[in-house]
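Survey of secondary and tertiary structure
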Amino acid sequence: MKRLVKNNAIRNIAIIAHVDHGKTTLVDAMFKQSGLFRAGQAVSERLMDTMDLERERGITIAAKNCSVSWKDVKINIVDTPGHSDFGGEVERALSMVDGALLLVDACEGPLPQTRFVLKKALESGLKVIVVINKIDRKDAQPDVVLDAVYDLFIDLGASEAQVDFPYMYAIGRDGIAKKRLSDKSTDLHILFDTILHEIPAPVHDPKEPFQMLVSDLGYSDYLGRLAIGKIIHGTVSSHKNLVCINSENEQIPLKVTKLQKYEGLSFKPALSVEPGDIVVLSGIDEVKIGDTICTSESPRALKRITVDEPTISMRFTINDSPFSGLEGKFVQSAKIRERLFKETLMNVAIQVEESGDRDSMIVKGRGEFQLAILIETMRREGFEFCVGRPHVIFKYKNGRKLEPVEHLFIDCDEEFMGVVAEKLSRRKGKMTNLVNNGGGRVRIEFSIPSRSLIGYRNEFLTDTKGTGIMNSSLAGYEEYRGDFQSRFTGSLVADRPGNAVAYALFNLEPRGQLFVKPGDPGYEGMIIGEHNRDGDLNVNQAREKKLSNMRAAGKDEAVVLTAIRPMTIEWALNFIRDDEMVEITPKSIRLKKTILSAQKRNTYKTPPPDDSCAT
């Protein structure tokens, strides 16, 4: 019989929450109050948001590790994304911890993506501590939110021990936590003490040899590939000979060149490490997330990290527009292919497949937002390419066609409830719940196909005058609900090359909304606007006013153009149709037809790429 021993000097905990519920701000306060920084040291906000995109968008994209010390106990903290599109980050982060801190907004309560991350934590059997955050808001209702959290635990099938969770209230921005609302508190000490008391210490068998599950990968210019994970059993030291067991059960010999542990936000070298600690091994080239690193004398693989299947696919191809190569550093298909496969090594939720065309690849992920972040990252690295419209991935079972279905949560003013419900019902959505508290806003829940939300988010913001909030999470697969029309407008397509002219654009404004401004370059097949009517319209964006030698009696009319919509990757992906693509360069985002020539488009209609189905 195995005798498991606790390592009481370590606690491993993940912080999970919905987007914008104050998770990263709370981690900042934990850093400051644990003594990580010296008195008077200048510290920036949102320390865990290390990526430029995270700081710009105010969300967590990649799971990251850090540690603090409290009462001589090391607390390893894993900051996880709150968006369900980055669920792969959540799943691998939870493989390193023994408990979770669930953060819930005291006003908004549990949202669909709160449900998503909590479900993953409960399935992993983790001990959960609930923190009702932002209790200082004027519209906060912490008691109501706590009841909703209990309902959510029961709805997710939590065990009796999991439902009996410890909870507290917090103002993460001010670094305050309290057990009861009436308590007086000025710090987070009660939170640290609760973590030490409630989160179980990691356990190990002292007789077992070294075993470690690779949960994350990194890269150093000096040390090469870095393998990050929690030690399950045994100890290891630098320059130790080990083996890596991959997905094919092959044993790859390796030698640890450097051993590091997390201290605060950075790595610190270590001569040896203890079971239960999260470590960083270097000197390992052939390693992937989910591999097991162990001794050559007793090679035994641990259970690999399992992630949910992707639900969205998108075609990545080389840029074939006349502007190809003018703005990008990496334009070759081989470079694009290499970068995409590199992404699969770092992100377990991304899959890349060959398409049969040597110049294009099929990329699959959790949602269009996850793929939009990948596109933006590649764009900033100097890549130039084109992407097609996102397609959902269908399944076929017993002759039935199944499609991914979302649990959609809508929060909007009462006056917009009718138009929102009407638009979503056209898109095969079914209302499952409606809550009206009489305060002027309503909360509506829908069951709706994932494909219905592609192209709807911008329309929703327009319908609710920018005041609506929409969140969703994957609910599973259901039988195909039928076809519907998602876009009722066409495109204004340039019929010749040339820079846009103010005179021409002024006369095109009655035809629809424009995407270009005077002086912007264009080419045949480039989409310069949205047509008011269904169907495309070929237009001349470079037409100039004809001049004559006759002097006009009055002054020329001043040309005043309407401000154009700022082009973003997410908006572009939602706008395009199956026969259109988004041209991505480090400097520009353009829309274009897949077939640039107007004559060829009229004589030959290309079917959409059949990359949206999986069996």
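These figures come from a predicted structure and were not determined experimentally.

**Examining helix α5 (residues 142-155)**
Because an α-helix completes one turn every 3.6 residues, residues spaced three or four positions apart along the sequence face the same direction. With 14 residues, α5 should reach 20 Å at 1.5 Å per residue; the first-to-last C-alpha distance of 20 Å fits that figure. Among the residues of α5, P142, V145, L146, V149, L152 and F153 are the ones counted as buried. Angularly, the buried residues of α5 cover 115 degrees about the axis, an arc narrow enough to put them on a single face. Within α5, the exposed residues directed more than 90 degrees away from the buried face are D151 and I154. G157 occupies a position one or two residues after α5 and carries a positive phi of about 75 degrees.

**A word on the environment of T585**
Within the secondary structure layout, T585 lies in the loop between β34 (580-584) and β35 (589-593). Here the alpha-carbon distance between T585 and G328, two residues 257 residues apart in the chain, equals 5.7 Å. When residues no more than four places from it in sequence are discounted, the contact partners of T585 are N319, E327, R379, F383, E384 and R590. At 2.8 Å, the side chain of T585 forms a polar contact with the backbone nitrogen of S588.

**Some thoughts on the nonpolar core**
Core analysis: the biggest nonpolar cluster contains 39 residues, and L94, L102, L118, V130, I132, V149 and F153 have the highest contact counts within it. Within the second largest apolar cluster, 33 residues are counted, among which are M361, V363, F383 and V582.

**Overview of the packing of aromatic side chains**
Summed over the entire model, instances satisfying the criterion amount to 12 aromatic pairs. A centroid spacing of 6.1 Å and a plane angle of 80 degrees characterise the contact between Y167 and Y169, whose relative ring orientation is edge-to-face. Ring centres of F394 and Y480 lie 5.6 Å apart, and the angle between their planes is 85 degrees; on these two criteria the pair is classed as edge-to-face. In this pair, F394 is assigned in the loop between β24 (391-392) and β25 (395-397) and Y480 in the loop between β29 (469-479) and β30 (490-494), connecting sequence segments 86 residues apart. When its relative accessible area of 25% is taken as the criterion, Y480 is described as partly exposed. Ring pairing ties together the aromatic residues Y150, F153 and F165, which thus form one cluster. In this structure, K395 packs its charged tip against the face of Y477, placed 4.4 Å from the ring centre. K401 extends its terminal NZ or CZ atom over the ring of F394, reaching a point 4.3 Å from the ring centre.

**Brief notes about unusual backbone geometry**
For residues other than glycine, phi is negative in most cases, and the peptide bonds are mostly trans. Positive phi is not limited to glycine here, since K134 has a value of about 65 degrees. Among the secondary structure elements, K134 is positioned in the loop between β6 (127-133) and α5. For N249, which is not glycine, the phi torsion reads 65 degrees and is therefore positive. Take N249: it is sitting in the loop between β13 (241-245) and β14 (251-255). Overall, N249 belongs to the exposed group, its relative accessible area being 57%.

Criteria and cut-off values
Residues numbered from 1 in each chain as written. Predicted model: local features only at pLDDT ≥ 70, side-chain atom pairs only at ≥ 80, totals over all residues. Heavy atoms only, no water. Helix = DSSP H or I, 4+ residues; strand = E, 2+ residues; numbered from the N terminus. Expected span 1.5 Å × (residues − 1). Buried < 20%, exposed > 50% of the residue type's maximum accessible area, 1.4 Å probe, protein only. Arc of directions from axis to C-beta. Contact = heavy atoms within 4.5 Å. Polar contact = N/O pair within 3.5 Å; in protein donor to acceptor, adjacent residues only side chain to side chain. Core = buried A, V, L, I, M, F, W, Y, C linked by side-chain atoms within 4.5 Å. Phe/Tyr/Trp six-rings, centres within 6.5 Å; stacked < 30°, edge-to-face > 60°. Lys NZ or Arg CZ within 6 Å of the ring centre and 35° of its normal.

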